[in-house]
Amino acid sequence: MHMVWKVIIKVFHSIWRVLTLIREVILNVVCIFLVFLCCGIWMQYEKLNTISQLSKGALIVNLSGMLVDKPTNSHKFFNKVGRQILGNNSENIKEHSLFHLVSTIRQAKDDPKITGMVLDLDNFSGGDQPSLHYVGKVLREFRTSGKPIFAIGSSYSQAQYYLASFANKIYLSPDGEVDLHGFSTNSMYYHSLLKKLKITSHVFRVGRYKSAVEPFLRDDMSSEAREIDRIWLGELWHNYLCTLAENRHLDIQQIFPSVQEQVYRLEQLHGDSAQYAKDMHLVDELASPSFVDKALVKVFGWNEEIKNYHGINIYDYQLKNTSSDNNNIAVIMVSGAIMDRDTKTGCVSSEASILEIRSARLNPKIKAIIFRVNSPGGTATASEGIREELAAARNAGKPVVVSMGGVAASGGYWVSIPANYIIADPNTITGSIGIFSVLNTIENSLGAIGIHVDGVATSGLAEVMNTKSLPKEVQKIIQLRIEHGYQRFISLVAKARHQTITEVDKIAQGHVWTGREAKDNGLVDALGDFDDAVMKAAELAQLTKPQISWYKDRPGLLDMFFSEVEIPANLALLMHFFQMSSSTQILDGFQEISNKSGFGGYFPYDSKDHYALCTSCRSDIK
């Protein structure tokens, strides 16, 4: 009996300890929440206090991180609280919203308290070329209004200098440089690696120029892919130099002389790259930070409290709330690689996009939709799901205008097909109309270490496993389905763009085009930016007062945590390719059976692993 009571007491003691632990965890979570809440309230008070003290001064555009359409971590509360805790700087910010930046600059242009702008670009990482082009447009508007822009930097990358070139005056540190070197595309090729590992890659594709699968088949770039990349990359570089030349009132040869001439001039200056930038009129003055501060004090006045010139940080400058019950144009974004579910960083969930489109379609106040696409594509089924929902919105009588960002290629073009009107930037990378699939089998890898797979099946189709060689009949079936998917793709394009299938096939085949070339080929309707998309949507919906409603998904705590791990969209998809050997399904209607060992299992066909993707399509400037 004594032993029984002893056991009961021990059990109750353990339960009490567990309950105590749960109570402490809950209390700790509540305390942390209260701390964040207090910090948020204090932060808002400090912001209002800062703004009220700004009589007149500069808008300090100290951009940090990448400029993107849709920041991965868009939870403003935690971002702002984090900035207050870590200090009033922007160095910890990894992404900045393009549209928030544009709205801020335009509000500052009309704000009597803002008398000029300081572009502090040391922490700016870059963005795609159409985004920088759009920002450049509003910087020119700001400057044309009569308010001066000053660019300051210890050095300038290509992206930083692009924005700096719109300034009235560019300052550079005496130890700095303007790093203009050109654009390039580089991919990793691992055919030899797969061969050494005895992994068999089965590649199925349609499209002569569909280079996404080349890393599985080659150790270098094919001549066709090289030529296509050379053309569009050369056009982007030429457009970049033309903008700099126009802003600095120089010719292109002076902005970027031959490499031999650059070497010669640097030799004459004993390697002084800052003086080289000054001599070539890339910058206006070489100056230390203290000298620049004194010069800006003369323009914006002395602020006794901060011991510097009058100004307000762009992250503290408060935008007016423009949302209202009269918003009549929905803006829905697809930014990143398109997947069926949002399971990887840098990818877009088709489920979330479909729900946003459906919500806009069913909202009687929404009269038109602007569909902002900045995506290299993704899975064919995810792209088709979005396309169908967008077509439903158009069929419901709501005009759809597609605004293309840095890239709207392959699946990114697929989702754009239903639009009433498609607008691309001249530097948008689009087209790449093609489809492919990759299946990896490891039968030779297992055989090399003495593992062999054998069994009984009622047909050859039932033996499809990643641990066995892929039967030729199955390979034929998959290729036929890929060809069917390609015909489906070009048929949809032909119908939407009022062309014949033969005409579309000539400009498809996985061929990559710039926005200008796409317009010449009839893939887009006009060249322009987001402002043009707004005007076109208002015109089609016959709106006299267009008001935008931004449709944004709300990230959870885990999303915000994992967004700190930066994985490019193309790398995320590449990781997915290597997982295909255990996840790809090969024949419709068969049930997928997982193998806990991670090596086996049947994988019936699933079109999720049919890809409409352009892995080399990037227009980022860094």
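Now for a description of the structure that goes with this document. The shown structure was predicted, so the numbers you read here are calculated from the model rather than taken from an experiment.

1. Side note on empty space enclosed by the protein
Here's step 1: By the definition in use, this model includes three cavities of 30 Å³ or more.
Here's step 2: Taken as a whole, the largest cavity holds about 90 Å³ of empty space.
Here's step 3: Taken together, 14 residues form the lining of the largest cavity, with Tyr-209, Ser-211, Gly-510, Val-512 and Ser-616 sitting closest to its centre.
Here's step 4: Sort the elements by how many residues they give to the lining of the largest cavity and helix 8 (residues 223-248) lands first, with three residues.
Here's step 5: Tallied by class, residues from the lining of the largest cavity come to seven nonpolar, five polar and two charged.
Here's step 6: The volume enclosed by the second largest cavity comes to roughly 70 Å³.
Here's step 7: If you list the elements that add at least two residues to the lining of the second largest cavity, you get helix 4 (129-144) and strand 18 (400-409).
Here's step 8: Here the lining of the second largest cavity gets three residues from one element, more than from any other, and that element is helix 4.
Here's step 9: Looking at the lining of the second largest cavity residue by residue, the classes come out as six nonpolar, three polar and three charged.

2. Things to note about the sheet that holds strand 5 (residues 124-128)
Here's step 1: The mixed open sheet is built from four strands, whose spatial order is 3-2-5-26. Since the sheet does not close on itself, it has two edges, and those belong to strand 3 (95-97) and strand 26 (620-621), each with one partner.
Here's step 2: Where strand 5 and strand 26 come together, two bridges link them in antiparallel fashion. The partner of Asp-128 across the bridge, within strand 26, is Asp-620.

3. Topic: unusual backbone geometry
Here's step 1: Of note in the backbone geometry, Ser-410 takes a positive phi value of approximately 55 degrees without being a glycine.
Here's step 2: Tracing the backbone shows Ser-410 in the loop between strand 18 and helix 15 (411-414).
Here's step 3: The backbone phi angle of Ser-432 is positive, close to 50 degrees, even though this residue is not glycine.

4. Comments concerning the sheet that holds strand 1 (residues 57-61)
Sheet strands pair via backbone hydrogen bonds, and the direction of the pair is either parallel or antiparallel.
Here's step 1: With parallel pairing, the six strands of this open sheet are ordered in space as 9-7-6-4-1-12. Each edge of the open sheet carries a strand with a single partner, namely strand 9 (285-286) and strand 12 (311-313).
Here's step 2: Two elements, strand 7 (residues 169-172) and strand 9, share two bridges in a ladder whose sense is parallel. Note that in strand 9 the partner of Leu-172 across the bridge is Leu-286.
Here's step 3: Across the sheet, helix 4 lies against strand 4 (114-120) and strand 6 (149-152), angled at about 140 degrees from strand 4, the strand it touches most.
Here's step 4: Taken strand by strand, helix 12 (residues 289-300) contacts strand 1, strand 4, strand 6, strand 7 and strand 9, and its axis lies near 165 degrees from that of strand 4.

5. A look at the state of the cysteines
Here's step 1: Overall, the coordinates contain one disulfide when judged by the stated rule.
Here's step 2: Here Cys-614 pairs with Cys-617 through a disulfide, and the sulfurs are 1.8 Å apart. Between Cys-614 and Cys-617, the disulfide has an S-S torsion of 75 degrees and is therefore right-handed.
Here's step 3: Judged by its relative accessible area of 3%, Cys-614 falls in the buried class.
Here's step 4: We classify Cys-617 as buried; its relative accessible area is 3%.

6. Some details on the packing of helix 13 (residues 350-362) against helix 14 (residues 380-395)
Here's step 1: Relative orientation of the contacting elements helix 13 and helix 14 amounts to 0 degrees, with a least axis distance of 9 Å. Judged by the angle between their axes, helix 13 and helix 14 are roughly parallel. In this structure, helix 13 contributes Ser-350, Ser-353, Ile-354, Ile-357, Arg-358 and Arg-361 to the contact, and helix 14 contributes Ala-382, Gly-385, Ile-386, Glu-389, Leu-390, Ala-392 and Ala-393.
Here's step 2: For the contact of helix 13 with helix 14, the class distribution of residues is seven nonpolar, three polar and three charged.

7. Comments concerning the pairing of strand 18
Here's step 1: Counting buried positions over the ten residues of strand 18 gives ten, a clear majority of the element.
Here's step 2: Bridge count for strand 16 (residues 368-375) against strand 18 is six bridges, and the pairing is parallel. For Val-373, the partnering residue across the bridge sits in strand 18 and is Met-404.
Here's step 3: Bridging between strand 18 and strand 20 (residues 429-431) involves three bridges; their strand directions are parallel. Within the sheet, the bridge partner assigned to Val-407 lies in strand 20 and is Ile-429.

Analysis parameters
Each residue is numbered by its place in its chain's sequence as written, counting from 1. Restriction of local features to residues with pLDDT of at least 70 applies here, the model being predicted, together with a cutoff of 80 or more for giving and counting side-chain atom pairs; totals for whole chains, interfaces and linings are based on all residues. Hydrogens are left out, water is left out, and the side-chain values use all remaining heavy atoms of the structure. Note on definitions: the grid is 1 Å and covers protein atoms alone; a cavity is a set of points where a 1.4 Å probe fits but cannot get out; a pocket is an open set with protein on both sides within 12 Å along at least five of seven lines; lining residues have an atom within 4 Å of a point. Grid points are joined across faces, edges and corners, and a volume is the space filled by probe spheres set on the points. Here a strand is any run of E in DSSP of at least two residues, a helix any run of H or I of at least four, and the numbering for each starts at the N terminus. Note that Gly is not counted as nonpolar here; it falls among the polar residues with everything else outside the nonpolar set of Ala, Val, Leu, Ile, Met, Phe, Trp, Tyr, Cys and Pro and the charged set of Asp, Glu, Lys and Arg. DSSP bridges decide pairing: two strands pair if at least two such bridges lie between them. Any two residues whose heavy atoms approach within 4.5 Å at even a single point are treated as in contact. Simply put, an axis is a line fit to the C-alpha atoms, just over the touching stretch for a helix, and the angle between two N-to-C directions goes from 0 to 180 degrees. Count a disulfide wherever a pair of cysteine sulfur atoms falls within 2.5 Å. Burial classes: relative accessible area under 20% of the type maximum marks a residue as buried, over 50% as exposed, and values in between as partly exposed (1.4 Å probe, protein chains only). Note on angle classes: values under 35 degrees are labelled roughly parallel, values over 145 roughly antiparallel, values of 65 to 115 roughly perpendicular, and the remainder oblique.

In short, shape yes, function no, at least from these values alone.
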